[in-house]
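In case you want the letters, here they are:
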Amino acid sequence: MKDFDVSVIGELNIDFILNQIDSFPEIGKEILSRQMNVTLGSSSAIFASNLSSLDTKVAFIGKVGQDSFGELILATLKNKHVNTDAILRREDLKTGATVVLNFGEDRAMITHPGAMEDLAFTDIDWATVGRSRHLHLSSFFIQKGIRKDVPSIFKKAKEIGLTTSFDPQWDPGEEWQMDLEGILPYVDIFLPNKKELLHLTGHGSLQSAVRHIKSLANTIVVKLGNEGSALFTPDGEVFQPAFLNTDVVDAIGAGDSFNAGFIHKFVGGHPLPACQEFGNMIGAYSTTASGGTGAFSAGSNIHQNVKERFGYAEKQHD
Ligand SMILES: Nc1ncnc2c1ncn2[C@@H]1O[C@H](COP(=O)(O)OP(=O)(O)O)[C@@H](O)[C@H]1O
Ligand SMILES: [Mg+2]
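The rules behind these values
- Residues numbered from 1 in each chain as written.
- Chains lettered and ligands numbered in written order.
- Predicted model: local features only at pLDDT ≥ 70, side-chain atom pairs only at ≥ 80, totals over all residues.
- Heavy atoms only, no water.
- Helix = DSSP H or I, 4+ residues; strand = E, 2+ residues; numbered from the N terminus.
- Rg over C-alpha atoms; globule rule 2.2 N^0.38 Å.
- Buried < 20%, exposed > 50% of the residue type's maximum accessible area, 1.4 Å probe, protein only.
- Contact = heavy atoms within 4.5 Å.
- Phe/Tyr/Trp six-rings, centres within 6.5 Å; stacked < 30°, edge-to-face > 60°.
- Lys NZ or Arg CZ within 6 Å of the ring centre and 35° of its normal.
- Salt bridge = Lys/Arg side-chain N within 4 Å of Asp/Glu carboxyl O.
- Pairing = 2+ DSSP bridges.
- Axes fitted to C-alpha atoms, helices over the stretch in contact; angles between N-to-C directions.
- Parallel < 35°, antiparallel > 145°, perpendicular 65-115°, else oblique.
- Left-handed = near helix turned anticlockwise from the far one by under 90°.
- Nonpolar A, V, L, I, M, F, W, Y, C, P; charged D, E, K, R; others polar.
- Expected span 1.5 Å × (residues − 1).
- Arc of directions from axis to C-beta.

A. Region of the structure containing the overall build of the chain. A tally of helices and strands in the chain yields ten helices and 13 strands. Expected size for 318 residues packed as a compact globule is a radius of gyration near 20 Å; at 18 Å, the chain falls within 12% of this value. For the chain, the residues scored as buried account for 53% of the 318 residues in total. When contacts within the chain are restricted to residue pairs at least 6 apart in sequence, those whose partners lie at least 24 apart make up 71%.

B. Main features of the packing of aromatic side chains. All chains considered together, the criterion is met by 13 aromatic pairs. Each ring, one from Phe121 and one from Trp126, has its centre 6.2 Å from the other, and the planes form 55 degrees; the classification is tilted. Trp126 sits in the buried class, given a relative accessible area of 16%. Each ring, one from Phe140 and one from Phe141, has its centre 5.0 Å from the other, and the planes form 85 degrees; the classification is edge-to-face. Take Phe140 and Phe141: they sit in the same class, and that class is buried. Grouped by ring-pair contacts, the aromatic residues Phe140, Phe141, Phe154, Phe166, Trp170, Trp176 and Phe190 constitute a single cluster. One Lys or Arg, Lys156, reaches over the ring of Trp126 and ends 4.5 Å from the middle of that ring. For the cation-ring pair, Lys265 lies above Phe278, with the distance from its terminal atom to the ring centre recorded as 5.0 Å.

C. View of the pattern of salt bridges. Enumeration according to the criterion identifies 13 salt bridges in this entry. Three or more residues are tied together by salt bridges with common partners; here these are Lys63, Arg90, Asp92, Asp118 and Asp123.

D. Main features of the sheet that holds strand β8 (residues 132–138). Ordered in space as β5-β4-β1-β8-β9-β10-β11-β12-β13, the nine strands form an open sheet in which the pairing is mixed. Lying at the two open borders of the sheet, with one neighbouring strand each, are β5 (83–90) and β13 (236–241). Packing against the sheet, helix α7 (residues 206–213) makes contact with β10 (189–190), β11 (219–223), β12 (228–233) and β13, and its axis sits at approximately 35 degrees to β12.

E. Representation of the side chain of Ser42 in the model. Structurally, Ser42 is set in the loop between β3 (33–40) and α1 (43–53). Look at Ser42 and you get buried, because its relative accessible area is 8%. Ignoring any residue separated from it by four or fewer positions in sequence, one finds Ser42 in contact with Glu11, Leu12, Asn13 and Asp15.

F. Focus on the pairing of strand β9 (residues 163–167). In terms of burial, β9 is a largely internal element, four of the five residues being buried. Bridge count for β8 against β9 is five bridges, and the pairing is parallel. The residue bridging His136 from the neighbouring strand is Ser165, located in β9. As paired elements, β9 and β10 share two bridges and run parallel to each other. Considered in β10, the bridge of Phe166 is made with Phe190.

G. Looking closely at the environment of Gly253. Along the chain, Gly253 falls in the loop between β13 and α8 (254–267). Along the sequence, Gly253 and Val238 sit 15 residues apart, while their C-alpha atoms lie 23 Å from each other. Residue contacts for Gly253: discarding those within four places in its chain leaves Ile46, Ser286 and Gly292.

H. Molecular detail of the sheet that holds β3. Strand order across the open sheet formed by four strands is β3-β2-β6-β7, with mixed pairing between neighbours. Where the open sheet ends on each side, the last strands, each with one partner, are β3 and β7 (106–112). For this sheet, the mean angle separating the axes of adjacent strands, direction not counted, is 20 degrees. Where strand β2 (residues 13–21) and β3 come together, seven bridges link them in antiparallel fashion. Bridge pairing in β3 places Leu18 opposite Met36. Contacting β2, β3 and β6 (96–103), helix α2 (residues 68–79) crosses the sheet at an angle of about 90 degrees to β2.

I. Inspection of the packing of helix α6 (residues 194–201) against α7 at higher detail. Viewed as axis vectors pointing N to C, α6 and α7 meet at an angle of 55 degrees, and their least axial separation amounts to 9 Å. Of the possible angle classes, the one that applies to α6 and α7 is oblique. In the crossing of α6 with α7, the sense of the turn from one axis to the other is left-handed. Of the residues in α7, those in contact with Lys194, Leu197, Leu198 and Thr201 of α6 are Leu206, Ala209, Val210, His212 and Ile213. A per-class count over the contact of α6 with α7 returns six nonpolar, two polar and one charged.

J. Focus on α2. Here α2 spans 16 Å end to end across twelve residues, near enough to the 16 Å set by a 1.5 Å rise per residue. By the burial criterion, the buried members of α2 are Gly70, Ile73, Leu74 and Leu77. The buried side chains of α2 occupy one side of the element, clustering within an arc of 95 degrees when seen end-on. Residues Ser68 and Asn79 are exposed on α2 and point more than 90 degrees away from its buried face. The elements touched by buried residues of α2 are β2, β3, α1, β4 (58–65) and β5. Downstream of α2 by one or two residues, His81 has phi in the positive range, about 65 degrees.

Encoded structure:
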């Protein structure tokens, strides 16, 4: 028996979310936002927190500053029962932070990476990884300190018997340089969204992008926004439409919540289409409240909520 179902190696930051903004900001002018939310940000932390809210045992490996934002992140993760023993603190660095300007389903963001890009291969607590059944890594491009070591990290995780998943996320530099040959063979579940996959492969369509990486990759799951997701395995391909939410509060963390739903089922030993369906469900659920973790507040019964709101029943693919 392992202590943790999933270890996450990832970036940590705070999100300042500004809603109800009248117009786009302009240099030299001031506009108002009528609603504000300060909450746990970063793809990896939203994934870890929501996965833990689904009753999966999660440990986090990362780095924050010795400041009040760092305290807030640690307290928030602990409150969600994520193990934070392997999160390092650096006095000389700021905890990462993102300012999010929300306009309907779209958003503009500015990030100060701070300690996020300082996490290095030598910071990884392999004892914690070894106490886990599965390793997830996200935000490849933001995590500059471990980027070049990602192939070794996944290789090592496989060698010590873990299953693995990887969400590349957006490249803020828009250069899209990644060693797909070195990484994908050691990733069991590859979880890009469609735009990211097209950029990473340099292809113009989903089908040709998937063909390009098929011989390297194992399972590929492509997130398609409010259209749903597509699953590609050696056995074939499964498209599943979204549990459409026409009343989106914001789409922050929809992809990370999708990952949480998918990996929750995956480590529970369910068939891949059932993992995909639950990913779609949890992605949709995350759009019903503000921020990446708003829908997953303590005490809320997620399984009951998705039944009531979306008619989700654990049957279709199980
Ligand atoms: N408006 C929506 N209604 C229902 N589900 C949605 C909606 N937007 C996103 N989702 C779900 O969340 C998943 C992830 O969203 P997506 O925007 O593709 O990811 P990312 O946040 O990584 O860009 C989608 O695959 C879908 O299942
Ligand atoms: Mg994403």
